[in-house]
Amino acid sequence: MKAFPNCLRSLLFDFDDTLVPELIPEEQTLKDLYKIICNKHINSTDFSNKVLSVASKFWNESRWAPYTNNIGFTPFEGLWSPFYDVETTGTKGLNSWLAYYRESVWSETLNIFHIPVDWKELSESFCSIRKNKIKPYRGVNKLLAYCKTKYSIGLITNGSSALQNYKISASGLKKYFNTIVIGDEVGNGKPSKVPFQKALEDLNSSPNQAIMIGNSLTHDIVGANNVGIYSVLVKTSETNIVDTYPDNIIKSVTDVLTVLKQKTRGENETSRSKIDS
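Reference entry: report on the structure contained in this document.

Criteria and cut-off values
Residues numbered from 1 in each chain as written. Predicted model: local features only at pLDDT ≥ 70, side-chain atom pairs only at ≥ 80, totals over all residues. Heavy atoms only, no water. Pairing = 2+ DSSP bridges. Helix = DSSP H or I, 4+ residues; strand = E, 2+ residues; numbered from the N terminus. Axes fitted to C-alpha atoms, helices over the stretch in contact; angles between N-to-C directions. Expected span 1.5 Å × (residues − 1). Buried < 20%, exposed > 50% of the residue type's maximum accessible area, 1.4 Å probe, protein only. Arc of directions from axis to C-beta. Contact = heavy atoms within 4.5 Å. Polar contact = N/O pair within 3.5 Å; in protein donor to acceptor, adjacent residues only side chain to side chain. 1 Å grid on protein atoms, 1.4 Å probe; cavity = no way out; pocket = protein on both sides within 12 Å on 5 of 7 lines; lining within 4 Å. Points joined across faces, edges and corners; volume = space filled by probe spheres on them. Nonpolar A, V, L, I, M, F, W, Y, C, P; charged D, E, K, R; others polar. Core = buried A, V, L, I, M, F, W, Y, C linked by side-chain atoms within 4.5 Å. Parallel < 35°, antiparallel > 145°, perpendicular 65-115°, else oblique. Left-handed = near helix turned anticlockwise from the far one by under 90°.

## Some remarks on the sheet that holds strand β3 (residues 179-182)
Spatially, the 6 strands line up as an open sheet ordered β3-β2-β1-β4-β5-β6, and their pairing is parallel. A single partner strand is all that each edge strand has here, and the edge strands are β3 and β6 (248-250). Pairwise comparison of adjacent strand axes, ignoring direction, gives a mean angle of 20° for this sheet. Here strand β1 (residues 10-13) pairs with strand β2 (residues 152-157) via 4 bridges, running parallel.

Below you can see the structure in the form of structure tokens.
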């Protein structure tokens, strides 16, 4: 395990399920969509599971799979992501495929359950529902506002640039970050060293002057460890730590203040009460 930085300059945060819920809104979106269908002969869980399985099938069978998997763009996200305003060399043709993908997923799901609903209508409802569920965890705004007064702050997130930029803006958190690094924009998602190195370069920091805070062992912690950055895991009840070990573990992202007190020992409990209030 690495020692806490002696000269801490930068905080690096993950986005999805660290600062803003992702998995729970996904589940809630499918449940809300099921209510629109309103078919008592179809089980809600069966419907949700089928949507995800059909989506995964089309997603992983596409020629885009190697790229989307590399940047951390998921099948669920593909069902509601905004289209690219400008397609780059690496994403040329992805917009048209995403349109085909959505039609295929919803059409097949509706056919399986014999639901007499237009796929476009269902797709539009799905996008609208999911977009309305972007909200930071409690205390995150105050946490970032406090941290920004003492450190430079970077965001490192996997996914498509179109979707992640949309989510970051919709969350209201964009103003806190000195740099935002998205897997799609650098050609590699976490745990590749590339996004971490880009964030450090933007913040004019070295690995031993930064800490990484995230909820994913395989993406955030492995990536940070590989670059030599002090890693802090936001651990959930479902996290099973095997082989990969973070330098510190917290239960909530707002608990990062406890970690920071290892460096700023002059801080007292007044700082914490400001965040929790």
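From this point, the narrative continues.
## Thoughts on helix α2 (residues 44-61)
With 18 residues, α2 should cover 26 Å at 1.5 Å per step; its first-to-last C-alpha distance of 26 Å lies within 8% of that length. Among the residues making up α2, those that are buried are Phe47, Ser48, Val51, Val54, Ala55, Phe58 and Trp59. Across the axial projection of α2, the buried residues extend over an arc of 135°, all falling on one side. Tucked inside the fold, the buried residues of α2 contact α1 (23-37), α3 (65-71), α4 (75-78) and α5 (94-113). For α2, the N-terminal cap is asparagine 43; the gap from its side-chain oxygen to the backbone nitrogen of threonine 45 is 2.8 Å.

## Some thoughts on the layout of surface pockets
Counted as a void, the largest pocket has a volume near 950 Å³. Considering the residues around the largest pocket, the lining is formed by 38 residues, among which Asp16, Asp17, Glu22, Leu23 and Asn215 are closest to the centre. Class assignment for the residues of the lining of the largest pocket results in 10 nonpolar, 16 polar and 12 charged. Its volume calculated, the second largest pocket comes out at about 200 Å³. For the second largest pocket, the lining is made up of 14 residues, of which Glu26, Glu27, Leu30, Ser48 and Leu52 are closest to its centre. By residue number, the principal contributor to the lining of the second largest pocket is α2, which donates 7 residues. In the lining of the second largest pocket, the residues fall into 5 nonpolar, 6 polar and 3 charged.

## Concerning helix α11 (residues 217-227)
Turn by turn, an α-helix covers 3.6 residues, leaving residues three or four places apart pointing in a common direction. Considered for burial, the residues of α11 that qualify are Leu217, Asp220, Ile221, Gly223, Ala224 and Val227. Close packing links the buried residues of α11 with α10 (193-202), β4 (210-214) and β5 (230-234).

## Quick look at the nonpolar core
Within the largest apolar cluster, 65 residues are counted, with the highest numbers of intra-cluster contacts made by Phe13, Leu19 and Ile213. Looking at this core element by element, the count peaks at 8 residues for α5. When neighbours within four sequence positions are excluded, leucine 19 is seen to be in contact with Phe13, Asp14, Pro136, Tyr137, Val140, Leu144, Leu155, Leu173, Phe177 and Val253. Of all hydrophobic cores here, the second largest spans 12 residues; its members include Ile156, Val181, Leu203 and Val227.

## Side note on the pairing of β2
It is a general feature of regular strands that their side chains alternate between the two faces of the sheet. Summarising burial for β2: 6 of the 6 residues are buried, a large majority. Here β2 shows two buried faces, one formed by Ser152, Gly154 and Ile156 and the other by Ile153, Leu155 and Thr157. Across 4 bridges, the pairing between β2 and β3 is parallel. Note that in β3 the partner of isoleucine 156 across the bridge is valine 181.

## A closer look at the packing of α10 against α11
The packing of two helices is summarised by the inter-axis angle and the distance between the axes. In contact at an axis separation of 9 Å, α10 and α11 are set at 65° when each is read in the N-to-C sense. When the interaxial angle is binned, α10 and α11 end up roughly perpendicular. The handedness of the crossing between α10 and α11 comes out as right-handed. Seen from α10, the contacting residues are Lys193, Phe196 and Leu200; seen from α11, they are His219, Asp220, Gly223, Ala224, Asn226 and Val227. Of the residues belonging to the contact of α10 with α11, the class tally is 4 nonpolar, 3 polar and 2 charged.

## Brief notes about the packing of α2 against α5
Interaxial distance between α2 and α5 falls to 9 Å at its minimum, and their mutual angle equals 140°. Here α5 runs oblique to α2, going by the angle between their axes. With respect to the hand of their crossing, α2 and α5 are arranged in right-handed fashion. Of the residues in α5, those in contact with Asp46, Phe47, Lys50, Val51, Val54, Ala55, Lys57, Phe58 and Trp59 of α2 are Trp97, Leu98, Tyr100, Tyr101, Ser104, Val105, Trp106, Glu108, Thr109, Ile112 and Phe113. Across the contact of α2 with α5, the residue classes break down as 14 nonpolar, 2 polar and 4 charged.

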